[in-house]
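Single-letter residue listing:
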Amino acid sequence: MLKRTCYSDNMKDGKEVVLTGWVHERRDLGGIKFILLRDREGIAQITAPKKKVSEEIFKSMDSLGREWIIAVKGDVKSSPQAPGGLEVIPTEIEVISMAEPSLPLDPSEKVDADIDTRLDNRFLDIRKPRVTAIFKIRSDVLTAAREYLLSQAFVEIQTPKISASGTEGGTELFPISYFEREAFLAQSPQLYKQIMMATGMDRVFEIAHYFRAEESNTRRHLSESDAIDIEMAFIENEEEIMYILENLVSHILKYVSENRKKELDLLGVDISPLPKSFRRVTYDQAISFLQEAGFNVRHGEDLGTESEKALGNIVKEKYGDDLYFLTKYPLSTKPFYTNFDGNVARAFDLDYKGVEISSGGQRIHNVDILKTKIKEKGLSVSSFEAYLKTFRFGMPPHGGFGLGIDRLIMQMLNLENIREGVLFPHDRRRLEP
Ligand code: AMO
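Bear in mind that the values here come from a model prediction, so they are computed numbers and not experimental data. Sequence order as written defines the numbering, with residues in each chain counted from 1. Reporting of local features is limited, given that this is a predicted model, to residues whose pLDDT is at least 70; pairs of side-chain atoms are given and counted only at 80 or more, and all residues count toward the totals for whole chains, interfaces and linings. Note that water and hydrogens are dropped before the side-chain values are worked out from all heavy atoms of the structure.

Enquirer: Give me the overall build of the chain: which residues, what numbers.
Expert: Numbered from the N terminus, helices here are DSSP runs of H or I no shorter than four residues, and strands are runs of E no shorter than two. Helix and strand counts for the chain stand at 12 helices and 18 strands. Dimensions of the chain along its principal axes, counting C-alpha atoms only, are 85 × 55 × 40 Å. Counting the 433 residues in the chain, one finds 51% classified as buried. Only heavy atoms enter the contact rule, under which two residues are in contact if any of them lie within 4.5 Å. Once local pairs closer than 6 in sequence are excluded, the contacts in the chain between residues at least 24 apart make up 65%. Think of it in three bands: residues with accessible area under 20% of the maximum for their type are buried, residues over 50% are exposed, and the middle band is partly exposed, with areas taken using a 1.4 Å probe on protein chains only.

The structure is reproduced here in structure tokens:
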């Protein structure tokens, strides 16, 4: 097999190259034939003028089908009309793998496909340069997140994904049979990351997969999703956590805008301007903004999807901001572990263009108060024994957040559906591929 010497975006005029990739398109103008060859980094034009290539090559180009995999050896020439201003005059073409002629999805995007057809044929869908671009950006989001958190003395950890209890409210749990007992797939690393604060490790983060049995099939919920979670100790208030979160998100956006210009252009996305610190909108302000705009929202309730979306538009119109914190929620809307001042939770959400991408806050670190709050939420103290024990032998004040990676990608890249930014999304209806 011919061995690839470079990707399509790294060819040099006058050099001999071997490219490997998929037949994106074929054109025959009689005296000259073209193949558009697609690889991971773009599309290269293979140009075969009858007079300049061997008869064998000229003929063999007719037999190639769409999405066949080929290796092409040839000479690079400048050509103003070709993608990237270069074309390859082939001296050898090798067929590596053939494709059936009737494709279930068109990777050249000449024929539109709905989201279900795309996801049913995800391996073909991801061949589209615009879809590949999303996953290159996603990889950079994780690189940038690790870079920032490590620079702030966070230690990366992994915690169990099989749990004895839920953390974020019982209804969204996936029960599993665990030998003779019932167990659940992890909804978040909440209890473990808090337990880590009793170990002396101070600042930890985890990037992992979580499971929630979301009943409704919305454009922003998945059964399996990914998150960046942090927990940090010796804090005075939730502002210290918000500081880390805004700097983390700013770093991610900056990193992507600097390293993925080509991919962002392909997706038609401009993620500037890049704010360093994000506006704080209190829950009370948010409710008044929504009521003034005629929305029927009641003080004391969590904001629903529609209110969040409307608030996103209001904040954008009033202040020009895409990213903003929602602070000072009523305590009743937050989980049992949330610290508080009276009826106000010391917790926050981070919204991006009207969608919640993160939530977090300062936690309760007094074990007696924690037990009271567990009971108040109608949960049983005994099922939290292993967690509660760690609060009895020296637990510093602490807090953290969970940042949904899939939601961040969806909002950053203006994707219509969260599923577009996930390789193989699973939801209530979809378990395959
Ligand atoms: P929360 O439940 O708000 O907080 O989740 C944190 C973030 O995770 C993302 N997310 C989801 N994304 C896609 N599909 C889902 N079904 C889904 N559920 C959640 C969202 C959300 O903002 N333990 C707390 C975090 C903390 O306080 O540290 C928690 O899990 O972007």
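Now that the structure has been shown, the text picks up again.
Enquirer: Pulling in residues and values, what's your account of the pairing of strand E18 (residues 398–404)?
Expert: For E18, the buried fraction is high: 6 of the 7 residues fall into the buried class. Here, a strand pair is defined by DSSP locating no fewer than two bridges between the strands. Summarising the sheet, strand E11 (residues 224–233) and E18 pair through 7 bridges and their orientation is antiparallel. Bridge assignment links Glu 231 to a residue of E18, and that residue is Gly 400. In the sheet, strand E17 (residues 355–362) pairs with E18 via 5 bridges, with the strands oriented antiparallel. Looking at the pairing, Ser 359 lines up with Gly 402 of E18.

Enquirer: With reference to specific residues and values, describe the pairing of strand E3 (residues 42–49).
Expert: Moving residue by residue along a regular strand, the side chains alternate between the two faces of the sheet. Judged by how many residues are buried, E3 sits mostly within the fold: 7 of 8 residues are covered. Taken together, the 8 bridges between strand E2 (residues 32–39) and E3 define a ladder with antiparallel strand orientation. From the neighbouring strand, Ile 32 faces E3, where its bridge partner is Pro 49. What sits between the antiparallel neighbours E2 and E3 is a turn of 2 residues. The sheet contact formed by E3 and strand E5 (residues 86–97) spans 2 bridges and is parallel. Bridge pairing links Gln 45 to Glu 87 in E5.

Enquirer: Can you tell me about the sheet that holds strand E4 (residues 69–78), naming the residues and giving the values?
Expert: Taken together, 5 strands build a closed barrel; the order of strands is E1-E2-E3-E5-E4 and the barrel is mixed. Across this sheet, the average inter-strand angle for adjacent strands is 50 degrees, counted without regard to direction. In the sheet, strand E1 (residues 16–28) pairs with E2 via 6 bridges, with the strands oriented antiparallel. Across the sheet, residue Glu 25 finds its bridge partner in E2, namely Leu 36. With respect to the sheet, helix H1 (residues 55–63) is in contact with E1, E2, E3 and E5, its orientation differing from that of E2 by roughly 60 degrees. With axes taken as lines fitted to C-alpha atoms, and helix axes fitted only over the stretch in contact, angles between N-to-C directions fall between 0 and 180 degrees.

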